Amino acid sequence: MPSVLITGANRGIGLGFTRAYLKKGWEVIATCRNPEKANELKGLSGNIEIHSLDVTDFAAVDSLAGELKGRAIDVLINNAGILGSPSFEKGGAGQTLGDMDYDGLRHTLEVNTIAPLKVVEALLPNLEAGKLKKIITITSAMGSIEAMEGEFISYRTSKTAVNSIMRNLSIGLKEKGITVALLHPGWVRSDMGSAAAPLAIGESVAGLVAEIDKLDLEHTGCWKDHTGETIPW
Ligand SMILES: NC(=O)c1ccc[n+]([C@@H]2O[C@H](COP(=O)([O-])OP(=O)(O)OC[C@H]3O[C@@H](n4cnc5c(N)ncnc54)[C@H](OP(=O)(O)O)[C@@H]3O)[C@@H](O)[C@H]2O)c1
């Protein structure tokens, strides 16, 4: 069975991915910051192993790559992310002009933009050894330049920038047979998305998994949502 490595697998969309791939019978390498507190994740059964990983901790990323040395990973899902503000309801506190939290901006870039690049770099040998060779990054339509609305500056910028990074990687990795894709999950009822969101986690994840299944080298560098709709940059 194929294998998938998921970051931020303890709750929200990451936990949804973990459930979905376990149901498909895949080998799941689930990573999260605090496995000891990840009770829902630890309660799942199937072909799963859980590793501790704060994606901003480069030493930990390298150490995980060391632990996984020689093992094939078919699909990497860079899912871990932060909004950079307490909640959608609070309207992006610290992310508007006149109210900028610059440490918050730096941290949001660390988690949402820089860490996915580091994770790809560290796990590249595993992906090259895999059969499916797919790198997926969960981005947001809020990163679309055309859709900017003057708020959530840190979050939006971090997603625009990770789109740029992955689009860049898709060029060089094509010759290695590795497909790179950016996926927007829709507005989802997770802790980040809030209870006001229209989409259940399961519904979004079912669409995302179907899109990941369909991806091949021909689609590398694409940006789609959970329904397969292409999103303007
Ligand atoms: N929900 C939406 O409507 C929506 C829309 C567009 C895009 N997205 C994107 O979808 C992805 C998942 O979001 P979600 O809605 O599931 O959010 P969530 O419910 O807030 O979950 C975020 C996950 O990321 C993890 N995480 C945060 N910082 C981390 C770090 N430094 N290292 C490792 N893990 C870290 C969290 O772990 P802890 O439990 O340890 O904090 C948690 O597992 C994110 O990239 C987000 O930007 C979501």
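Our structure's up above, just so we're on the same page.
Criteria and thresholds
- Residues numbered from 1 in each chain as written.
- Predicted model: local features only at pLDDT ≥ 70, side-chain atom pairs only at ≥ 80, totals over all residues.
- Heavy atoms only, no water.
- Near = heavy atom within 4 Å.
- Polar contact = N/O pair within 3.5 Å; in protein donor to acceptor, adjacent residues only side chain to side chain.
- Areas by Shrake-Rupley, 256 points an atom, 1.4 Å probe, with all protein chains shown as cover.
- Helix = DSSP H or I, 4+ residues; strand = E, 2+ residues; numbered from the N terminus.
- Nonpolar A, V, L, I, M, F, W, Y, C, P; charged D, E, K, R; others polar.
- Phe/Tyr/Trp six-rings, centres within 6.5 Å; stacked < 30°, edge-to-face > 60°.
- Buried < 20%, exposed > 50% of the residue type's maximum accessible area, 1.4 Å probe, protein only.
- Pairing = 2+ DSSP bridges.
- Salt bridge = Lys/Arg side-chain N within 4 Å of Asp/Glu carboxyl O.

**Brief notes about the site of the ligand**
Here comes step 1: With respect to spatial proximity, 29 residues lie near the ligand, and among them Asn 10, Arg 11, Arg 33, Tyr 155 and Ser 190 are the closest.
Here comes step 2: Asn 79 places a main-chain nitrogen or oxygen 2.8 Å from an oxygen atom of the ligand.
Here comes step 3: In the model, an oxygen atom of the ligand is placed 2.8 Å from a nitrogen or oxygen of the Val 188 main chain.
Here comes step 4: When the ligand sits alone it has 900 Å² of accessible area, and the protein chains cover 95% of it.
Here comes step 5: Looking at the shell around the ligand, the elements that each hand over two or more residues are helix H1 (12-23) and helix H5 (153-174).
Here comes step 6: Taken together, the residues of the shell around the ligand sort by class into 12 nonpolar, 12 polar and 5 charged.

**Points about the packing of aromatic side chains**
Here comes step 1: The full count for this structure, using the stated rule, is 3 aromatic pairs.
Here comes step 2: Seen from their ring centres, Phe 17 and Tyr 21 are 6.3 Å apart, and the 20° between their planes marks the pair as stacked. Remark: Tyr 21 and Phe 17 occur in helix H1; sequence separation between them is 4 residues, near one turn of the helix. The residues Phe 17 and Tyr 21 share a single accessibility class, namely buried.
Here comes step 3: Here the aromatic rings of Tyr 21 and Trp 26 are separated by 4.6 Å at their centres, their planes lie at 50°, and the arrangement is tilted.

**Points about the pairing of strand S1 (residues 3-6)**
Looking along a regular strand, one sees the side chains alternate between the two faces of the sheet.
Here comes step 1: Side chains Ser 3 and Leu 5 of S1 all project onto a buried face; the interleaved residues Val 4 and Ile 6 project onto the opposite face, where all are buried too.
Here comes step 2: Pairing between S1 and strand S2 (residues 27-32): 4 bridges, direction parallel. Paired with Ile 6 across the bridge in S2 is Ala 30.

**As for the pattern of salt bridges**
Here comes step 1: A complete count under the given rule lists 11 salt bridges for this structure.
Here comes step 2: Across the pair Arg 19 and Glu 40 runs a salt bridge whose closest N-O atoms are separated by 2.9 Å. Here the residue Arg 19 occupies a position in helix H1, and Glu 40 occupies one in helix H2 (residues 39-42), the gap between them amounting to 21 residues.
Here comes step 3: The residue Asp 213 makes a salt bridge to Lys 24 at a minimum N-O spacing of 2.9 Å. With Asp 213 in helix H6 (residues 201-214) and Lys 24 in the loop between H1 and S2, this pair connects stretches of sequence that are 189 residues apart.

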